[in-house]
Every structure is written in C-alpha cells, then in structure tokens.
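# Per-entry structural report
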Amino acid sequence: DGECLADIYSVLGKAGRPENLEVSSLIIDWDKWSNPIFSIGFNPKTHDLEKKCTPIYYQYQQSTKSTMKVKGHDLKLDDILPNDAAIVQKTFLKGTEIPVFILAGHGWMGTSSAGCFLRENCVDIGKLYGNEPFCFLLYVNMQQGRNSVIAKAAYPKPSLLRIIQYPISYIRWKRKSIFPQ
C-alpha cells in the first residue's frame, strides 16, 4: 500500500496538486466524505465507497479463487499464482461532484501495480476521460513484479469528443483492444 501511496503522490505532483494531501486512518477518519478520496486496497472503507459511489464499473468476487471483471467485458482475472489483478476506478460520491479513486488488487502486488499503472499512464487517462468516470482492469505477473502491469480492459470507451481531441492517445490504447466493442 505504501508503494501505491507514493505513486499517488507522484500523480498529484504531475497534476500540480501535491499540497493538502491528507493520509487518513480507516478507524479515526471513517466518516470523512467531503473531500476527494483515494482508497488503496480492498479494505472496509473501499467496500463502503462501493455503496456510496456511482458508477462502479467493476465486480470483485472473493472466494477461494477470487475474480475481478469490468463492465462491458467477459474477461475475468483471478488470483491463482503467478497471477494478480487490480482495478483503477474513478467514480463520484452519489449526489456530488466529489471524485473518488479506488486502486485495489487481489493481493498486495495487484494494489501496488494499480498505483504504478496510474502513475505511468495518468496523462493519457486524463486526456481520454477528463473528469468522467472510468475503470481499468489490470493484470500483473507476481514473479515479474509490479512494473509488469498490463491493462486488459477499460470501461467505458472514451467519448467521441475526447477521441477527436486526443487521437494519438486514443489510438495507442485502442491498439491494446481494451475498450468494449
């Protein structure tokens, strides 16, 4: 989780917004909902955010073989060694314009990889989605480390306006066949 947090600091620095970042306690700060939120890992606060936010584009099924999938795709990623998977979801608290980012994996490597993915791709993601919600489904090979993270699916497809404004970014991601048909 610490690596993911460091990546979030890096993303906010690139965006020119490194100040006023507060690392909150899951216990003490449970009822804080008035500021933008980055939730790291599938913890009780993340599960609470899943209920308080809209839209949520992913499904996480936890069992002996946990799976993740993203809306608009049939692909499910599991957590059987050497696999790990993660999501990077941008959503909003219901009835507000307060953004919430959920970066979470099956295991610690998936969560760490979600931060790495966001750090490495934040500029393109910003170009493709702007202030709109999105979700990426990520795969990582645990034996190769967090830098081996690969986007396997994304939802939704960027708007036509964004595609026209940023064709190079869109083509780069379209070649990876990650958008719904």
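Quick note: structure is the one above.
Right, let's walk through the structure included here. Predicted, not measured: the structure shown is a model, and the values here were computed from it.

## Considerations on the pairing of strand β6 (residues 83-93)
- In terms of burial, β6 is largely enclosed, as 10 of its 11 residues are buried.
- In the sheet, β6 pairs with strand β8 (residues 134-141) via eight bridges, with the strands oriented antiparallel. Counterpart to asparagine 83 in the pairing with β8 is asparagine 141.
- Where β6 and strand β7 (residues 99-105) come together, seven bridges link them in antiparallel fashion. Looking at β7, one finds that threonine 91 is bridged to valine 100.
- Counted between consecutive antiparallel strands, the loop separating β6 from β7 contains five residues, among which glycine 95 sits at a positive phi close to 75°.

## Some details on the nonpolar core
- In terms of nonpolar packing, the biggest core is built from 27 residues, with Phe117, Phe136 and Leu138 touching the most fellow members.
- The set of elements that each furnish at least two residues to this core consists of α1 (2-14), β6, β7, α3 (108-129), β8, β9 (150-155) and α5 (167-174).
- Within the second largest apolar cluster, 23 residues are counted, among which are Phe42, Tyr60, Val70 and Ala104.

## Remarks on the side chain of asparagine 141
- One can find asparagine 141 in strand β8.
- Ignoring any residue separated from it by four or fewer positions in sequence, one finds asparagine 141 in contact with Pro82 and Ser148.

## Examining the packing of aromatic side chains
- Taken as a whole and judged by the stated rule, the model has 12 aromatic pairs.
- On the numbers, 6.2 Å between centres and 90° between planes, the contact of tyrosine 129 with phenylalanine 136 is edge-to-face.
- Look at phenylalanine 136 and you get buried, because its relative accessible area is 1%.
- An aromatic cluster of three or more residues is present, and its members are Phe38, Phe101, Phe117, Tyr129, Phe134, Phe136 and Trp173.
- Positioned above the aromatic ring of tryptophan 173 is the side chain of lysine 176, whose terminal nitrogen or guanidinium carbon lies 4.2 Å from the ring centre.

Rules used throughout
Sequence order sets the numbering: in each chain, residues are counted from 1 along the sequence as written. Where totals are concerned, whole chains, interfaces and linings use all residues; where local detail is concerned, this predicted model gives features only for residues with pLDDT of at least 70, and gives and counts side-chain atom pairs only at 80 or more. Excluded from the side-chain calculations are hydrogens and water; all other atoms, namely the structure's heavy atoms, are used. Using a 1.4 Å probe on the protein chains alone, a residue whose accessible area is under 20% of its type maximum counts as buried, one over 50% counts as exposed, and one in between counts as partly exposed. Numbering goes from the N terminus for both helices and strands, where a helix is a DSSP run of H or I of at least four residues and a strand is a run of E of at least two. Pairing between strands is defined by DSSP: at least two bridges between the two strands are required. To define a nonpolar core, start from buried Ala, Val, Leu, Ile, Met, Phe, Trp, Tyr and Cys residues and group those joined through side-chain atoms within 4.5 Å. In this description, contact between two residues means that some pair of their heavy atoms is separated by no more than 4.5 Å. A pair of aromatic rings is counted whenever rings of Phe, Tyr or Trp (Trp by its six-membered ring) have centres within 6.5 Å, and the orientation is called stacked for planes under 30 degrees apart, edge-to-face for over 60 and tilted otherwise. Sitting over a ring, as applied to charges here, requires NZ of Lys or CZ of Arg to be within 6 Å of the ring centre and within 35 degrees of the ring normal.

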